[in-house]
Amino acid sequence: MCNSNVKSAAAGVAQIDGRPVLQPAGNRVAPTPDAARPLKKSLHKSFSMPASYDNNNAAYAAPRPAPAEKAAYLPPPTPAAARATTKAEKSRTTKAGKKAGAAVLPVVTFAALDAFEPAGSIAAAQREHVALAQAQRKQRIAHYGRTASFSRVEGRVGTATAASPTGHDEKRCSFITPYSDPLYVAYHDDEWGLPVHDDELLFEMLTLSGVQVGADWTSILKKRHFYRETFSGFNVEDVAKYTEKQMASLSADYGLDLGTVRGVVNNACRIIEVRRDFGSLDKYVWAFVNNKPLSPSYKYSRKIPVKTSKSESISKDMVRRGFRFVGPTVIHSFMQAVGLTNDHLVSCPRHRVCTSAAAAAGRGN
């Protein structure tokens, strides 16, 4: 009895669900004051703690501000939040207006949303940047497709356009551009594609077509007078008589490759042999096309080939006869230059001129 009384007095009695329960003295916890309670983990909840959180601080005991006073401390809404709020209010107003038969409010534009943004905000700067970029792009593409602006560029051809013998303002072949050399433009308008029946001119164009490999026609045309001086005006008989000493001297004086000089002299000798067999170089080369120029009637420059089956057949026969620098590509360039094929585009005025010249030459024969 004495031991049970001591235990009861030492343990103490606690109430759990209205029933007395013995509790050891070591398990009892002293009540914690309000000031010692830990802060809540949520930062937003800590700002909304009641005024009784700290009785010693009079600031927490102040009355809560009115809704209008709260709005003064809130940051300005972002454009996305403003648009969402505006759409929601407009939707509610529209539904209410339809039910009550009232007028529907006008749609809020982006200009009205600018009032929600403070001056110098990132969104406003981005919109200004986009508007400026669009304005600059419109200025860049404003002249697209206009003839007036192209005429300013076309005028750069200058004297080459005025020197055109056709007198037409039609579009030339597309490889003649406003930036083409006037000498090259004049060659296109005066010589390229016209039928040639003179042996010396045929010999000259065959030589120029051979040395043109790896270069362009403009550079070859600028050196044309040097080639004429070197090879005696492309007189076949005179060139065929060049000695080895003369060839070496011409190579040194005019800065030409010695192999090129030897090849031209060799071709002159072969032309003399062709004259014995066919009467002239003119009859020999024009026999491959039956004395009538080929007219493929190309519409686009990209369709013009660098060689054809006809140029390959002529090349094979000339190689068999001992000619040099007469590959299929060189022979096709030679055919274009002397009018064996009319490779002017059908849109070029020179196409009709070359066709008419070929027809007149055919009637003369």
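Given the structure is predicted, the values throughout are model-derived calculations rather than measurements.

*Asks:* Explain the environment of Lys-223 to me, and be specific about the residues and the numbers.
*Replies:* With respect to the element layout, Lys-223 can be found in the loop between helix H11 (217-222) and helix H12 (224-230). By relative accessible area, which is 44% here, Lys-223 ends up partly exposed. Placed 15 residues apart in sequence, Lys-223 and Leu-208 show a C-alpha to C-alpha distance of 9.8 Å.

*Asks:* I'd like a description of the UniProt feature "binding site: Zn(2+)" (unreviewed entry) in the chain, backed by residues and values.
*Replies:* Feature annotation in UniProt assigns "binding site: Zn(2+)" (unreviewed entry) to the following positions: Cys-173, His-188, His-344 and Cys-348. Across 176 residues in sequence, these annotated residues keep their C-alpha atoms within 10.6 Å of one another, forming a single compact spot. With respect to the helices, strands and loops of the structure, Cys-173 is situated in the loop between helix H8 (159-162) and helix H9 (182-190). Taking relative accessible area as the criterion, Cys-173 reaches 0% and is therefore assigned buried. Cys-173 has contacts with His-188, His-344, Leu-345 and Cys-348, leaving out every residue within four places of it along the chain.

*Asks:* Lay out the packing of helix H17 (residues 309-320) against helix H18 (residues 328-338) in plain terms, naming residues and giving numbers.
*Replies:* Where H17 meets H18, the axes come as close as 8 Å, and the angle between the chain directions of the two elements is 110°. The angle between H17 and H18 falls in the class roughly perpendicular. For the crossing formed where H17 meets H18, the hand is right-handed. Touching Lys-310, Ser-311, Glu-312, Ile-314, Ser-315 and Met-318 of H17 are Pro-328, Ile-331, His-332 and Met-335, all from H18. Within the contact of H17 with H18, the residues separate by chemical class into five nonpolar, three polar and two charged.

Conventions we followed
- Residues numbered from 1 in each chain as written.
- Predicted model: local features only at pLDDT ≥ 70, side-chain atom pairs only at ≥ 80, totals over all residues.
- Heavy atoms only, no water.
- Helix = DSSP H or I, 4+ residues; strand = E, 2+ residues; numbered from the N terminus.
- Buried < 20%, exposed > 50% of the residue type's maximum accessible area, 1.4 Å probe, protein only.
- UniProt positions renumbered as here; feature names shortened; annotations may be inferred.
- Contact = heavy atoms within 4.5 Å.
- Axes fitted to C-alpha atoms, helices over the stretch in contact; angles between N-to-C directions.
- Parallel < 35°, antiparallel > 145°, perpendicular 65-115°, else oblique.
- Left-handed = near helix turned anticlockwise from the far one by under 90°.
- Nonpolar A, V, L, I, M, F, W, Y, C, P; charged D, E, K, R; others polar.

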